[in-house]
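One-letter residues, chain by chain:
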Amino acid sequence: MDQLAMCENVPRKEKQFRNFTVNSLKLRGPSGEKVKGEIWALLAKARDDEKKIREEQEKKDKEAKLAAQKQNEAAQASKKSNSKTVSDSDDESNSSSGSETSAQALPSEKAVTKVIKKALKKSSNKQMKFKALRKQVQHSFSLKADKEGKKKLKCLLQQCVDSNPEKLVMNGKIVTLTK
């Protein structure tokens, strides 16, 4: 076993391992076959144990990632709901003062630009159709899909794309993230 531990190129398949032991460790004959079998069984068991440990660790990591992601989403949802209640109260105060506003406040241009960049980074080739991008932004801000809201969001998205020509390029109906 000491000689085997010193070797760097120990084969992982049984047939090649048996040939290796005959040539490198000089295990020949019936007693050599018995020793080769025992060594192989030990190595196979050790590999299986390592594989199980690795799989368990990966499973724990995935579970931890999912839990963190859910916690993060819950925190973002609570932030959004808090910001919506503040915007709703602003809307109520504005509408009582006589100015016309929709029941739904649009997010800032900076926040929309950030969501656009994030969505484009996730998409293939860093590009996406304008309509799909609008829907994704709409979903991320949990906005309603009425006609007036769609038009305002479309204008806001167009404004964001136009105001960032070095990073966002629009070719026809496709928005592309550059750099």
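Below: a short report on this structure. (Residues numbered from 1 in each chain as written. Predicted model: local features only at pLDDT ≥ 70, side-chain atom pairs only at ≥ 80, totals over all residues. Heavy atoms only, no water.)

Another aspect to go through is a negative patch on the surface. A cluster of acidic side chains, namely Glu55, Glu56, Glu58 and Asp61, defines a negative patch on the protein surface. In this structure, Glu56 sits in helix 3 (residues 29-96). (Patch = residues over 30% accessible without salt bridge, like charges linked within 9 Å, V, L, I, M, F, W, Y side chains within 5 Å. Areas by Shrake-Rupley, 256 points an atom, 1.4 Å probe, with all protein chains shown as cover. Salt bridge = Lys/Arg side-chain N within 4 Å of Asp/Glu carboxyl O. Lys, Arg positive; Asp, Glu negative; His and termini not counted. Charge placed at Lys NZ, Arg CZ, Asp CG, Glu CD. Helix = DSSP H or I, 4+ residues; strand = E, 2+ residues; numbered from the N terminus.)

A few words on helix 6 (residues 147-163). The end-to-end C-alpha distance of helix 6, which contains 17 residues, comes to 24 Å, matching closely the 24 Å that a straight helix rising 1.5 Å per residue would cover. Residues Gly149, Leu153, Leu156, Leu157, Cys160 and Val161 constitute the buried set of helix 6. The arc enclosing the buried residues of helix 6, seen along the axis, measures out at 135 degrees, which places them on a common side. Exposed positions of helix 6 whose direction lies more than 90 degrees from the buried face are Lys147, Lys151, Cys155 and Asp162. (Expected span 1.5 Å × (residues − 1). Buried < 20%, exposed > 50% of the residue type's maximum accessible area, 1.4 Å probe, protein only. Arc of directions from axis to C-beta.)

We now examine the pairing of strand 2 (residues 168-171). Two strands pair when backbone bridges link them, and strand 2 and strand 3 (residues 174-177) are joined in this way by 4 bridges, in the antiparallel orientation. Within the sheet, the bridge partner assigned to Met170 lies in strand 3 and is Val175. (Pairing = 2+ DSSP bridges.)

Pairing is antiparallel in the open sheet, where 3 strands are placed in the order 1-3-2. Unpaired on one side and paired on the other, strand 1 (127-129) and strand 2 mark the two borders of the sheet. Each strand of the sheet is rotated relative to its neighbour by a mean of 25 degrees, with strand direction disregarded. Taken together, the 3 bridges between strand 1 and strand 3 define a ladder with antiparallel strand orientation. When the bridges of strand 3 are listed, Lys129 appears paired with Ile174. Here helix 4 (residues 109-122) sits on the sheet in contact with strand 1, strand 2 and strand 3, set at roughly 85 degrees to strand 3. In the packing of helix 5 (residues 130-140) onto the sheet, the strands contacted are strand 1, strand 2 and strand 3, and the crossing angle to strand 1 comes to about 90 degrees. (Axes fitted to C-alpha atoms, helices over the stretch in contact; angles between N-to-C directions. Contact = heavy atoms within 4.5 Å.)

We now examine the side chain of Ser140. Positionally, Ser140 belongs in helix 5. Reaching out from Ser140, the side chain makes a polar contact with the backbone oxygen of Val137 at a distance of 2.8 Å. Other than its neighbours up to four places away in sequence, Ser140 contacts Lys80 and Val115. (Polar contact = N/O pair within 3.5 Å; in protein donor to acceptor, adjacent residues only side chain to side chain.)

Let us look at the packing of helix 5 against helix 6. In contact at an axis separation of 10 Å, helix 5 and helix 6 are set at 110 degrees when each is read in the N-to-C sense. Between helix 5 and helix 6, the crossing angle belongs to the class labelled roughly perpendicular. Contacts between helix 5 and helix 6 involve Phe130, Arg134, Val137 and Gln138 from the first element and Lys150, Leu153, Lys154, Leu157 and Gln158 from the second. Taken together, the residues of the contact of helix 5 with helix 6 sort by class into 4 nonpolar, 2 polar and 3 charged. (Parallel < 35°, antiparallel > 145°, perpendicular 65-115°, else oblique. Nonpolar A, V, L, I, M, F, W, Y, C, P; charged D, E, K, R; others polar.)

Further remarks concern the pattern of salt bridges. Following the criterion strictly, the structure yields 4 salt bridges and no others. Ionic pairing is found between Glu33 and Arg18, a salt bridge with its closest N-O pair at 3.3 Å. Here Glu33, found in helix 3, pairs with Arg18, found in helix 2 (residues 14-24); they are 15 residues apart in sequence, far enough to count as distant. Taken together, the salt bridges that share partners define one network made up of Glu14, Arg18, Glu33 and Lys36.

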